Amino acid sequence: MNESSDHLLRSRRSSESLFSRFQVAGLVVLTLIAVISKFYLPRLIPSAVWLEVPLLLVIYFGLMRPDPVPALLFGAFVGISEDSLSPANLPIGMYGITKTLVGYFAASVSQRFNVGNSLIRLVLCFFFYCFHAFFYWVMRRALLNQVVPFDTQLTLLHGAFNIAVALPLYLILDRMKLSDEH
Amino acid sequence: MEAALFNRYRSYRSLIVLVVVVMAQVLYLAYQVRTGRDERLIRVWAVSAVTPFSGIFEAIRHNTVGFLKDYFLLLDVREQNRKLKSDNDKLKMENVFFRNQLSTAEHARALTLFQAKTPSKTVAARVIGDSTVSTAKAVFIDRGSTSNIEKGMAVVTPDGIVGKVSAVYPLSAQVLLVTDSTFKVGVESQKGHIHGTLDCGSGRCVVEQIQNEEEVGIGEWFYTSGEDRIFPRGFPVGTVISSQPGNGMKDVRLNLSGAPGGAEEVLVVLDGVHQPIPASVAAEEKMAPPLPPPTPDSKESTGVLNGPGQTEADKTLQKYQQLGKEQDHVYGAMYSNMPNFAAKPVPKPPVAAPPVGAPSPAPLGSATTLGARNTESPTTVKPPAVKPLTSTHAPVLHPGAAKPVLPLGSPRATTPKPPATTEPQ
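Residues numbered from 1 in each chain as written. Chains lettered and ligands numbered in written order. Predicted model: local features only at pLDDT ≥ 70, side-chain atom pairs only at ≥ 80, totals over all residues.

Participant: Where do I start with the overall build of chain B in this structure?
Facilitator: Assigned secondary structure in chain B consists of nine helices and twelve strands. Counting all 425 residues of chain B, 28% fall into the buried class. Considering only contacts within chain B whose residues lie at least 6 apart along the sequence, 60% involve residues at least 24 apart. (Helix = DSSP H or I, 4+ residues; strand = E, 2+ residues; numbered from the N terminus. Buried ≥ 20, exposed ≤ 12 C-beta atoms within 10 Å, placed from the backbone. Contact = placed C-beta atoms within 7 Å.)

Take a look at the structure:
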């Protein structure tokens with residue numbers, strides 16, 4: 001009985017810390033900005049199609065949250081938001097499933113590694129980018145029977161570009177978290 | 001006991017939630033694929049939420065960045081350039097139509113066709129955003145169902161095809177580009193009228209389903225065939241950059257002329273009209289009469305070629321030199337008044353008639369390209385010139401030309417063939 005109440009207390013504390021650190025409104029705004037950036041940025045900078053800010057957000061949230069449930073739910077939310085702006089020939093759920101898995105695995109990994117280290121974060125970020133691209137490609141082939149080419153070299157290159165963006169982005173997000181704590 | 005159960009539940013809780021969330025999405029996805037129904041409500045909400053922001057960003061970018069560039073860097077050159085580009089695009093579009101009309105008119109009774117045929121009705125739209133899927137090629141435009149845009153309509157630019165409307169929302173629409181892996185376009189070659197299917201899914205545009213025995217030359221133009229029921233027949237698609245025999249089918253690669261990914265302003269075809277494929281000019285070009293000998297005066301004064309070998313720069317130089325001469329301006333001389341470059345040069349008096357038997361003195365480049373404009377950039381890929389209406393070539397009756405123009409969705413017109421093969425039996 002004591003143990004269960006302890007669990008309840010711990011989960012409440014964790015959810016409180018979630019709301020204190022990353023408030024829901026802030027998360028929604030960040031998600032909106034990330035999705036809009038993916039929607040609009042390539043118009044400004046055509047070579048920015050490789051930029052996956054929503055994915056970087058999901059990874060960050062997963063790494064910072066040792067509890068996988070909120071992380072996977074956040075991943076599903078971001079993924080479905082992206083799906084709703086995808087071409088009409090791609091059904092809703094493709095990005096949702098992929099980002100759900102990314103969020104879950106990122107949170108699971110954060111229980112075993114010290115994700116406070118920037119280097120580990122970037123390595124994980126690179127890995128999850130490649131996983132995301134590959135899994136999405138597999139789903140398009142397997143579930144939708146769409147023959148889409150998969151360029152391994154390009155994926156690795158884009159992964160490297162994304163971690164270059166993730167480095168300052170995560171620093172900013174860390175700052176935001178600290179300022180909330182104060 | 002209760003605590004043990006709770007512990008067990010907790011240890012599997014995240015996994016259970018993961019399975020539930022993923023399975024729910026997979027089932028929902030399977031439902032969409034199975035029924036072929038698009039979840040319109042979610043998309044409408046998302047697009048309606050995002051496109052205003054995108055429109056605002058685009059307006060801010062257009063006004064602020066454009067303002068700074070216009071007034072501090074380039075004054076009003078940018079605005080003029082935009083206007084000229086817009087005018088040029090309109091003229092090019094008209095040019096394509098009139099060239100098609102003239103090509104047909106050469107073969108048949110042009111007047112009847114001009115009365116029966118109307119150009120495709122289009123509405124201009126601006127590209128305001130990309131798709132969120134980097135591997136899928138789609139863009140959003142700022143016109144929707146309020147502008148009478150419907151799903152499946154063709155989207156083009158004056159240079160070529162862009163894509164088709166794949167989803168329509170009240171104030172915006174999604175356009176699936178021809179470069180998307182799932183998009184295929186029915187195309188037809190200009191010379192041999194060889195039909196094929198354009199597929200740009202592998203990153204390069206390939207015309208499939210062409211037999212190895214078929215003749216397709218490099219540089220040959222492909223046009224829409226109208227068989228896909230999306231694009232009206234006769235829109236330029238691109239030129240052949242390589243044509244090699246393949247395994248069973250010919251490997252023909254195209255260079256798209258419409259630049260679908262980089263288009264900023266497009267035209268949505270509201271009411272498409274099939275047009276004939278412009279006739280090839282290769283044979284006539286080979287038989288064209290040689291150039292007349294250059295007059296000593298022009299040779300000495302300009303020092304540039306006077307004929308089809310002229311580049312745009314040569315023509316401009318020649319024009320400016322003539323203007324300078326007419327207005328008594330000496331280039332490079334001090335205190336010489338600025339000439340009026342907007343004035344049109346006075347046409348030169350006709351040169352002496354060539355000796356009997358000599359070829360016609362008409363300049364080849366200008367005479368064979370009806371409706372072609374000199375303002376086009378030499379780097380852009382242009383549809384080839386159509387066969388000219390010259391007195392030396394008697395009009396040839398085109399068997400299919402007198403037929404009424406078919407609306408979109410109707411069976412495609414028969415391929416034009418020589419009169420001998422299509423005579424009524």
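Back to the write-up after that little detour.
Participant: Please clarify how the pairing of strand β8 (residues 205-208) of chain B should be interpreted in this entry.
Facilitator: Residues and elements named next belong to chain B. Sheet analysis places strand β7 (residues 195-199) next to β8, joined by three bridges and oriented antiparallel. Residue pairing in the sheet places L198 in a bridge with V207 of β8. If you look at the hairpin formed by β7 and β8, you'll find five residues sitting between the two strands, and G203 has a positive phi there, around 95°. Here three bridges tie β8 to strand β11 (residues 251-256), and the two strands are oriented antiparallel to one another. Residue pairing for β11: V206 is matched across the bridge by R253. (Pairing = 2+ DSSP bridges.)

Participant: It is not clear to me how helix α7 (residues 312-326) of chain B should be interpreted in this structure. Could you clarify?
Facilitator: A rise of 1.5 Å per residue sets the reference length of α7 of chain B, with its 15 residues, at 21 Å; its end C-alpha atoms lie 21 Å apart and thus fit the reference within 8%. Positive phi appears at D328 of chain B, one or two residues downstream of α7 of chain B, with a value of about 55°. (Expected span 1.5 Å × (residues − 1).)

Participant: It is not clear to me how the interface of chain A and chain B should be interpreted in this structure. Could you clarify?
Facilitator: Buried accessible area, meaning the area lost when the parts come together, often serves as the stated size of an interface. Facing the 42 residues of chain A at the interface are 45 residues of chain B. Of all the elements in the fold, those that place two or more residues in the side of chain A that touches chain B are α1 (2-21), α2 (24-44), α4 (68-83) and α5 (94-110) of chain A. The leading source of residues in the side of chain A that touches chain B is α2 of chain A, at eight residues.

Participant: Whenever I open this one, the confidence of the model for chain B confuses me. Can you help?
Facilitator: Reading predicted coordinates in detail is not appropriate for stretches of low pLDDT. Residue and element names in this part refer to chain B. Taken as a whole, chain B shows an average pLDDT of 70; of its residues, 59% reach a score of 70 or greater. Between residues 350-382, whose pLDDT stays under 50, and residues either more than four places distant or in other chains, the model counts 45 contacts. Below pLDDT 50 for its whole length, residues 384-425 participates in 68 contacts with residues either more than four positions away or in separate chains. Under the prediction, the complex receives an ipTM of 0.79, its pTM being 0.50. (pLDDT = per-residue confidence, 0-100.)

Participant: Even after reading the chapter, I still don't get the sheet that holds strand β3 (residues 154-157) of chain B, so can you show me in this structure?
Facilitator: Within a sheet, neighbouring strands are paired by backbone hydrogen bonds and run either parallel or antiparallel to one another. All names here are of chain B. The strand order around the closed barrel built from six strands is β1-β2-β5-β4-β3-β12, with neighbouring strands paired in antiparallel fashion. Going from strand to strand, the sheet's axes swing by 45° on average, the running direction of each strand aside. Note: strand β1 (residues 121-130) against strand β2 (residues 138-141), three bridges, orientation antiparallel. Residue pairing in the sheet places V127 in a bridge with I141 of β2. (Axes fitted to C-alpha atoms, helices over the stretch in contact; angles between N-to-C directions.)

Participant: Is there a simple way to explain the nonpolar core in this structure?
Facilitator: One finds I59 of chain A together with V175, V237 and V266 of chain B to be the most contacted residues of the largest nonpolar core, which totals 101 residues. The dominant element in this core, judged by the number of residues it contributes, is helix α3 (residues 53-64) of chain A, at ten residues. Two domains share this core, each providing at least three of its residues, namely domain 1 (10-73) and domain 2 (78-284) of chain B. Look past the residues within four positions of I59 of chain A in its chain and what remains in contact with it is V102, A106, C125 and F128 of chain A. (Core = buried A, V, L, I, M, F, W, Y, C linked by C-beta atoms within 7 Å. Domains from an automatic or database assignment.)

Participant: Mind showing me how you'd approach the packing of α3 of chain A against α5 of chain A here?
Facilitator: Packed helices, taken two at a time, are described by the angle their axes make and the gap between the axes. Residues and elements named next belong to chain A. Put simply, α3 and α5 touch, their axes get as near as 7 Å, and they point 35° apart. Here α3 runs over α5; the crossing is right-handed. Contact with α3, carried on its side by L55, V58, I59, F61, G62 and L63, involves K99, V102, G103, A106, A107 and S110 of α5 and no other residues of that element. Per-class residue counts for the contact of α3 with α5 are eight nonpolar, three polar and one charged. (Left-handed = near helix turned anticlockwise from the far one by under 90°. Nonpolar A, V, L, I, M, F, W, Y, C, P; charged D, E, K, R; others polar.)

Participant: Looking at this structure, I do not really get the packing of α3 of chain A against helix α6 (residues 118-142) of chain A. What am I missing?
Facilitator: All names here are of chain A. The contact between α3 and α6 brings their axes to 10 Å, and the two run at 130°. The angle between α3 and α6 places the two elements in the oblique class. Seen from above, α3 lies across α6 with right-handed handedness. Taking contact as the criterion, the partners of L55, L56, I59 and L63 in α3 are, on α6, R121, L124, C125, F128, Y129 and H132. Residue composition of the contact of α3 with α6, grouped by class: eight nonpolar, one polar and one charged. (Parallel < 35°, antiparallel > 145°, perpendicular 65-115°, else oblique.)

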